[in-house]
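What follows is each chain in one-letter form.
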Amino acid sequence: MGSDSETEKSAQKDKEKKKLLALAPIAKPLAGKKLNKRIFKLVRRAAGHKCLKRGVKEVVKSIRRGNKGLCIIAGNISPIDVITHVPILCEESDIPYIYVPSKEDLANAGATKRPTCCVLVLTKPTKGELAQEEQEKLKSDYDQVVSDVSELASSMF
């Protein structure tokens, strides 16, 4: 019985290694395991409250319109040319961005079945309003992740 859990653990480690091998060379700053969990939790909550823009086209349009938020980019995109302009747009607009290892995990957190290249987590929904409690929860999660991302980004440069 103990060997089953060991084989599952080794299979999980193999999956993690494959994800890291598929990463693009420009995927920096890359979120660690703990930050990954926080990011996916934030994306899940934002998707539930309609505070999420999915896909390169929507994200770029939203950034150009002046919406602020946190940009999360998948690191295993092929060809990489699809997303190379997104970090530049984010830097010009002072929007924090971070890479996560897998587009499949990002889509799963964003409540879609289709793998997603990038998402933009907005602080408030595009249409309508949130309840005060929900707004505060989302804002606190958002602030915590953004502070971790900016800390990680500042340690790189």
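Remember, it's a predicted structure, so these values are computed and weren't measured experimentally.

## Side note on the nonpolar core
- Among the nonpolar cores identified, the biggest contains 45 residues, and I39, V43, L70, C71, I72, I73 and V121 are the most heavily contacted of them.
- For this core, the secondary-structure elements that each account for two or more residues are helix 2 (33–48), helix 3 (56–64), strand 2 (69–74), helix 4 (86–92), strand 3 (97–100), helix 5 (103–109), strand 4 (118–122) and helix 6 (132–156).
- Sequence-distant contacts of L70, that is, excluding residues within four places in its chain, are made with L42, P96, V119, L120, V121, Y142, V145, V146 and V149.

## Topic: the state of the cysteines
- Tallied over the full model, the rule gives 0 disulfides.
- As a non-bridged cysteine, C117 has C118 as the owner of its nearest cysteine sulfur, 6.2 Å distant.

## Things to note about the UniProt feature "domain: Ribosomal protein eL8/eL30/eS12/Gadd45" (unreviewed entry) in the chain
- Within this numbering scheme, the UniProt entry marks residues 38–124 as carrying the feature "domain: Ribosomal protein eL8/eL30/eS12/Gadd45" (unreviewed entry).
- Within residues 38–124, the helical portion is 39% and the strand portion 21%, while the C-alpha atoms at the span's ends are 19 Å from each other.

## With respect to helix 6
- The end-to-end C-alpha separation of helix 6 is 36 Å, in line with the 36 Å expected for 25 residues at 1.5 Å each.
- All of the buried residues along helix 6 are Q135, L138, D141, Y142, V145, V146 and V149.
- Residues of helix 6 that are buried in the fold lie against helix 2, strand 2, strand 3 and strand 4.

## Some points on the pairing of strand 4
- Across the 5 residues of strand 4, 5 count as buried, placing the element largely inside the fold.
- Burial along strand 4 is two-sided: C118, L120 and L122 and V119 and V121, pointing in opposite directions, are all buried.
- Here strand 1 (residues 52–54) pairs with strand 4 via 3 bridges, running antiparallel. Within strand 4, the residue paired with R54 across the bridge is V119.

## Looking at the sheet that holds strand 3
- Taken together, the 4 strands give an open sheet; going across it, the order is 1-4-2-3, and neighbouring strands pair in mixed fashion. The open sheet terminates on both sides in strands that have one partner only, identified here as strand 1 and strand 3. Across the sheet, the mean angle from the axis of one strand to that of its neighbour is 20°, orientation sign disregarded.
- The sheet contacts of helix 3 involve strand 1, strand 2 and strand 4, and relative to strand 4 the element is tilted by about 40°.

## Comments concerning the packing of aromatic side chains
- For the structure shown, the criterion picks out 1 aromatic pair.
- Relative to Y99, the ring of Y97 has its centre 6.3 Å away and its plane inclined at 85°; by these criteria the two rings are edge-to-face. For the pair Y97 and Y99, a shared accessibility class is recorded, and that class is buried.

## Quick notes on the packing of helix 2 against helix 6
- Put simply, helix 2 and helix 6 touch, their axes get as near as 10 Å, and they point 145° apart. Handedness of the crossing formed by helix 2 with helix 6: left-handed. On helix 6, the residues touching L35, R38, I39, K41, L42, R45 and A46 of helix 2 are K137, L138, D141, Y142, Q144, V145, D148, V149 and L152.
- Per-class residue counts for the contact of helix 2 with helix 6 are 9 nonpolar, 1 polar and 6 charged.

The rules behind each value
- Residues numbered from 1 in each chain as written.
- Predicted model: local features only at pLDDT ≥ 70, side-chain atom pairs only at ≥ 80, totals over all residues.
- Heavy atoms only, no water.
- Core = buried A, V, L, I, M, F, W, Y, C linked by side-chain atoms within 4.5 Å.
- Buried < 20%, exposed > 50% of the residue type's maximum accessible area, 1.4 Å probe, protein only.
- Helix = DSSP H or I, 4+ residues; strand = E, 2+ residues; numbered from the N terminus.
- Contact = heavy atoms within 4.5 Å.
- Disulfide = S-S within 2.5 Å.
- UniProt positions renumbered as here; feature names shortened; annotations may be inferred.
- Expected span 1.5 Å × (residues − 1).
- Pairing = 2+ DSSP bridges.
- Axes fitted to C-alpha atoms, helices over the stretch in contact; angles between N-to-C directions.
- Phe/Tyr/Trp six-rings, centres within 6.5 Å; stacked < 30°, edge-to-face > 60°.
- Left-handed = near helix turned anticlockwise from the far one by under 90°.
- Nonpolar A, V, L, I, M, F, W, Y, C, P; charged D, E, K, R; others polar.

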